[in-house]
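Residue-level listing of the chains:
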Amino acid sequence: MTSIQMVDLRTQYEQIKAEVDQAIQQVLDTTAFINGPDVKAFSAELADYTGARFVIPCANGTDALQIAMMALGFKPGDEIIVPTFTYVATVEVIALLGLKPKFVDVLPDTYELDPKALEDSKGPRVVGIVPVHLYGQCSNMEFILDFARKNNLKVIEDTAQAIGAVYTFSDGRKAQAGTMGNVGTTSFFPSKNLGCYGDGGAMFTNDPDLAEALRMIANHGQKKKYYHDSIGVNSRLDTLQAAILRVKLQHLDRYSASRNEVADRYDKAFVNHPNIKTPKRAANSTHVFHQYTVQVEGASRDELKAYLQENGVPTMVYYPVPLHRQNAYLEYGYSDGDFPIAESLCKKVLSLPIHTEMKSEQQEFIINTIKFFFTK
């Protein structure tokens, strides 16, 4: 049996090697390395795939969040509602822009922002919400969008982990992750479900004026070269990465299906297990399983993690410390106990290997090793 990887990018590349190599070679032949034709083509193809009216590529997912907040006109001192159980980039850009994060807790089973916590987060300085579609499924967007409309708030969807997930509204309307709020943001970091071979990101919107603002800010605040209408940044998706993403986008549905097959096998293996709580599927969202994250109950998560590592099974903890208790964000005045669900999850969650090329014998070994830990 080959060594087990959290994400097997090598095998994934080998399966599409001819397509990827040809795409890269075409860029090398044209030498159009910045804003080449593949960037525009990828934007159009991703818009077609997601249903977003406009897709604006950028350099990475963190830039996407920052540019979105700049384009929406948030001002220093404004407050942004954000879950405390997520990756740091979501709150990092809030702090960098002089805004203030207003943390909220998450649900204990789907890990998404707790809709009821929004009611307690209202305030005169609150201007926006950043729901994070964590691990691969959508937050409760119908509730969040309704709450935002009633309170005149902007919504930025962080869909770095959930591209391709589909949300169904109560009236039957369907929409992809990242296309429901004012702006959606995503990352093309190599390990993402749709990942490039370096850094990359994109923003989604259905608003033409907002699309123009996003595009302009990402390009030094200019619409016409050397004429700068606003303060901007330099955030571009390289043509080489766009060419690779065009190839991988064609396989994204297959990748999502493969990840669901792996997740289904994990679910079946651990059903009713006293020490392993499997992730709940959100009622209104499909799941693309960027991560398969369990909770370890009645035992030490860290001891299980160490045991698995000793036996050749890699795992990851996403995330060991909630954002409100990170040293960088203590200044905002939150304390231990403020968000009990997130704090509890940080002690219990463990993400198991999941990727599009996982072999059944590898997964069987992972499952058996976990089960043996609790019987030894």
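Please refer to the structure placed before this passage.
Parameters and conventions
- Residues numbered from 1 in each chain as written.
- Predicted model: local features only at pLDDT ≥ 70, side-chain atom pairs only at ≥ 80, totals over all residues.
- Heavy atoms only, no water.
- Pairing = 2+ DSSP bridges.
- Helix = DSSP H or I, 4+ residues; strand = E, 2+ residues; numbered from the N terminus.
- Axes fitted to C-alpha atoms, helices over the stretch in contact; angles between N-to-C directions.
- Contact = heavy atoms within 4.5 Å.
- Buried < 20%, exposed > 50% of the residue type's maximum accessible area, 1.4 Å probe, protein only.
- Salt bridge = Lys/Arg side-chain N within 4 Å of Asp/Glu carboxyl O.
- Patch = residues over 30% accessible without salt bridge, like charges linked within 9 Å, V, L, I, M, F, W, Y side chains within 5 Å.
- Areas by Shrake-Rupley, 256 points an atom, 1.4 Å probe, with all protein chains shown as cover.
- Expected span 1.5 Å × (residues − 1).
- 1 Å grid on protein atoms, 1.4 Å probe; cavity = no way out; pocket = protein on both sides within 12 Å on 5 of 7 lines; lining within 4 Å.
- Points joined across faces, edges and corners; volume = space filled by probe spheres on them.
- Nonpolar A, V, L, I, M, F, W, Y, C, P; charged D, E, K, R; others polar.
- Phe/Tyr/Trp six-rings, centres within 6.5 Å; stacked < 30°, edge-to-face > 60°.
- Lys NZ or Arg CZ within 6 Å of the ring centre and 35° of its normal.
- Arc of directions from axis to C-beta.

Let us now look at the sheet that holds strand 1 (residues 54-58). Spatially, 1-9-8-5-4-2-3 is the arrangement adopted by the seven strands of the open sheet, whose pairing is mixed. The sheet is open, and its two edges are formed by strand 1 and strand 3 (100-104), each paired on a single side. The sheet shows a mean angle of 25° between the axes of neighbouring strands, direction not considered. Summarising the sheet, strand 2 (residues 79-83) and strand 3 pair through five bridges and their orientation is parallel. Paired with Glu-79 across the two strands is Lys-100, which belongs to strand 3. Across the sheet, helix 4 (residues 61-71) is in contact with strand 1, strand 5 (154-158), strand 8 (183-187) and strand 9 (201-205); its angle to strand 8 comes to roughly 160°. Those strands touched by helix 7 (residues 141-150) are strand 4 (126-129) and strand 5, and its axis lies near 155° from that of strand 5.

Turning our attention to the pairing of strand 1. Counting buried positions along strand 1 yields five of five residues, so the element is predominantly enclosed. In this sheet, strand 9 lies alongside strand 1 in antiparallel orientation, the contact comprising five bridges. Looking at the pairing, Cys-58 lines up with Gly-201 of strand 9.

Let us now look at the pattern of salt bridges. Applying the stated criterion to the full structure yields 13 salt bridges. Residue Asp-146 pairs with Lys-150 through a salt bridge whose shortest N-O separation is 3.0 Å. In this pair, Asp-146 and Lys-150 both sit in helix 7, four residues apart, roughly one turn of the helix. Overall, Lys-150 belongs to the exposed group, its relative accessible area being 65%. Arg-281 serves as the salt-bridge partner of Asp-264, at 3.0 Å between the closest nitrogen and oxygen. With a gap of 17 residues between them, Asp-264 in helix 10 (residues 252-270) and Arg-281 in the loop between strand 12 (276-277) and strand 13 (292-296) connect regions that are remote in the sequence.

Turning our eyes to something else, we now look at a nonpolar patch on the surface. A contiguous nonpolar surface patch, about 250 Å² in accessible area, is contributed by Leu-28, Phe-33 and Ile-34. Taking the relative accessible area as the measure of exposure, Ile-34 reaches 44% and is therefore partly exposed.

All right, on to unusual backbone geometry then. Note that the residue after Tyr-318, namely Tyr-319, is joined by a cis bond; omega there is 25°. Examined against the element boundaries, Tyr-319 turns out to sit in the loop between helix 11 (301-310) and helix 12 (340-348). A positive phi is found at Tyr-135, a non-glycine position, where the angle reads about 70°. Relative to the elements of secondary structure, Tyr-135 occurs in the loop between strand 4 and helix 7.

Here we take up helix 3 (residues 37-50). Along an α-helix, residues three or four positions apart point the same way, because every turn accommodates 3.6 residues. With 14 residues, helix 3 extends 20 Å between its outermost C-alpha atoms, agreeing within 8% with the 20 Å of an ideal straight helix rising 1.5 Å per residue. Residues of helix 3 that are buried in the fold lie against helix 2 (17-30), strand 1, strand 7 (174-176), strand 9 and helix 9 (239-249).

Here we come to empty space enclosed by the protein. A complete count under the given rule lists one cavity of 30 Å³ or more for this structure. Around the largest cavity sit 13 residues that line it, and Tyr-111, Tyr-135, Gln-137, Pro-279 and His-287 are the ones nearest its centre. For the lining of the largest cavity, the class distribution of residues is six nonpolar, five polar and two charged.

Structurally, Asn-35 can be placed in the loop between helix 2 and helix 3. Put simply, Asn-35 and Leu-237 are 202 residues apart on the chain and 7.6 Å apart in space, counted from C-alpha to C-alpha. Among residues more than four places away in sequence, those in contact with Asn-35 are Arg-236 and Thr-239.

Scanning all chains against the criterion turns up 17 aromatic pairs. Ring centres of Tyr-13 and Tyr-197 lie 6.1 Å apart, and the angle between their planes is 85°; this geometry places the pair in the edge-to-face category. Remark: Tyr-197 occurs in the loop between strand 8 and strand 9 and Tyr-13 occurs in helix 1 (residues 9-15); sequence separation between them is 184 residues. With 5.4 Å between their ring centres and 45° between their planes, Tyr-307 and Phe-373 make a pair best called tilted. Of this pair, Tyr-307 sits in helix 11 while Phe-373 sits in helix 13 (residues 360-373), and the two are 66 residues apart along the sequence. Cluster of aromatic residues (ring-pair linked, three or more members): Phe-85, Tyr-87, Tyr-111, Tyr-135, Tyr-318 and Tyr-319. In this structure, Lys-224 is placed above the aromatic ring of Tyr-227, and the distance from its NZ or CZ to the ring centre is 4.8 Å.

Further remarks concern the environment of Ile-34. Mapped onto the secondary structure, Ile-34 falls in the loop between helix 2 and helix 3. Ignoring sequence-local partners within four residues, the contact set of Ile-34 consists of Arg-236, Asp-238 and Thr-239.

Now for helix 12. What helix 12 keeps buried is the set Ala-342, Glu-343, Leu-345 and Cys-346. All buried residues of helix 12 fall inside an arc of 160° around its axis, so they share one side. Elements that come into contact with the buried residues of helix 12 comprise strand 13, helix 11 and strand 14 (349-352).

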